[in-house]
Amino acid sequence: LYVKAPAPEREPRLEQLLARVQGDDTASYKRFRTPDELARLVGADLALLLSERFASPSRPTGVVTFLVTDVDGGSGRRASTTDERTRALARQHDMLRRAITSNGGYVFNSLGGAFSAAFAQPADAVSAAFDLQRALTTADWGELDPPAVRVALHSGVAEVRDDGYLGPPLQRVARLLEAAHGGQVLLSAAVVDLLGDAVPPPLTLRSLGMHRLSDLS
């Protein structure tokens, strides 16, 4: 959504509608002052959308490694205004998508900081997890703390459904994500077994022992 600001001639009803949209944490909008600035914003966004559309990988099938993320909002200095929240959310979303797609990931669901992606190779999923955490922690967020994004990876065979997947591997990776904290990447034993010695450098894995996941046998 592109919003002209300032716009003193805007009708009150439209102003109220925009205020409701801007108050939604899941909505993304950008402000512009002049037609030239609007043209630059639209051109940049179209270029990004087209690059994702035509450069996106095909959907993996068979044994797939699933990567899921969400934001742990329990601590740290967070955005306090609608503008801050919107800008931070849009920037975070772009960083996560770039880290996933640049490593060959197929994004089949996304909302804000919550992504679900599939990878044909587990090493690519691990690289994507590292890249997105590094991008978030090294970016300049001003007075805000970096978003505390948690990541979980699990490998398995899932049923292909519409543009996504369905089956026990999705349930398991979702439960694994619940066990993670912000800034952490958790890998299931299935991912570790598939990786073998192919852990992408300079990364190393650390065993956290056995853990029972909720609502899973």
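Residues numbered from 1 in each chain as written. Predicted model: local features only at pLDDT ≥ 70, side-chain atom pairs only at ≥ 80, totals over all residues. Heavy atoms only, no water.

Attention now goes to the overall build of the chain. Each helix and strand counted, the chain has six helices and nine strands in total. Per-residue burial for the chain yields a buried fraction of 38% across its 217 residues. Intrachain contacts of the chain at a sequence separation of at least 6 include 72% that bridge at least 24 residues. Here the chain has roughly 12800 Å² of accessible surface; of this, 54% comes from carbon and sulfur atoms. (Helix = DSSP H or I, 4+ residues; strand = E, 2+ residues; numbered from the N terminus. Buried < 20%, exposed > 50% of the residue type's maximum accessible area, 1.4 Å probe, protein only. Contact = heavy atoms within 4.5 Å. Areas by Shrake-Rupley, 256 points an atom, 1.4 Å probe, with all protein chains shown as cover.)

Here we have five strands laid out as an open sheet, ordered E4-E5-E3-E6-E9, and mixed in their pairing. The open sheet is flanked by strand E4 (106-111) and strand E9 (185-187), the only strands paired with a single partner. The average undirected angle you get between the axes of adjacent strands in this sheet is 15°. Pairing analysis gives five bridges linking E4 to strand E5 (residues 114-119), with the strands arranged antiparallel. (Pairing = 2+ DSSP bridges. Axes fitted to C-alpha atoms, helices over the stretch in contact; angles between N-to-C directions.)

Moving on to unusual backbone geometry. Most of the time, phi is negative for any residue but glycine, and the peptide bond is trans. With an omega dihedral of 5°, the bond running from proline 201 to proline 202 counts as a cis peptide bond. Within the fold, proline 202 resides in the segment after helix H6 (189-195). Of note in this structure, aspartate 162 is not a glycine but carries a positive phi near 55°. For aspartate 162, the position within the fold is in the loop between strand E7 (159-161) and strand E8 (164-166).

Looking now at the pairing of E5. The side chains of a regular strand alternate, first on one face of the sheet and then on the other. In terms of burial, E5 is largely enclosed, as five of its six residues are buried. Here four bridges tie strand E3 (residues 63-71) to E5, and the two strands are oriented antiparallel to one another. What sits directly across from phenylalanine 66, in E5, is alanine 118. Linkage of E4 to E5, two consecutive antiparallel strands, is achieved through a turn of two residues, within which glycine 112 is found at a positive phi near 65°.

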